[in-house]
Amino acid sequence: MSADKNQQEREKSVRAFNATMVKIWREQMALLGVIDTGALYRSTVGISRKYYASVMNIQEFYADSLSQEFCRAISNALNPDIMRRAVTLQCQVLAKTIHHRS
């Protein structure tokens, strides 16, 4: 799979994951009746299974992402030609991301 395709798949996964987390947090806030009232801090409602699952999903997602990035970085660092191409590609992706946001 090409680097661009990998990046697109990763972005798609991150957007879907973020959308799911936002939905879960909105549901939790509605359940607790939190609308800029500070009730979240005063709430005595226990942690729901859905909330706990979302936290565990975040933990697993970041662990997986970081481990993949770490393995790739170490592998690329051992090969100067690959390292040079990887850095160039990352700079191009970053530039595209910044350009799309503006």
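Above this text you will find the structure in question.
Scope of this entry: the structure provided in the associated data block. (Residues numbered from 1 in each chain as written. Predicted model: local features only at pLDDT ≥ 70, side-chain atom pairs only at ≥ 80, totals over all residues. Heavy atoms only, no water.)

## Overview of the overall build of the protein chain
Let me state the cut-off plainly: We count a stretch as a helix when DSSP gives it H or I for four or more residues in a row; a strand needs E for two or more, and each element gets its number in order from the N terminus. Buried means the residue's accessible area, taken with a 1.4 Å probe over protein chains only, is under 20% of the maximum for its type, while exposed means over 50%, and partly exposed covers the values in between.
The helix and strand tally for the protein chain stands at four helices and zero strands. Helices and strands appear in the protein chain in the N-to-C order α-α-α-α. Buried positions account for 13% of the 102 residues belonging to the protein chain.

## Looking at the pattern of salt bridges
Rule in force here: By definition, a salt bridge exists where a carboxyl oxygen of Asp or Glu is found within 4 Å of a side-chain nitrogen of Lys or Arg.
If you walk through the whole model with that rule in mind, you get two salt bridges. Note that Glu-9 is salt-bridged to Lys-5, the shortest N-O span being 3.9 Å. Note that Glu-9 and Lys-5 are positioned in helix α1 (residues 3-32) at a spacing of four residues, about one turn of the helix. Given the relative accessible area of 37%, Lys-5 is considered partly exposed. Across the pair Glu-27 and Lys-50 runs a salt bridge whose closest N-O atoms are separated by 2.3 Å.

Remember that the coordinates give geometry; whether it matters functionally is a separate question.
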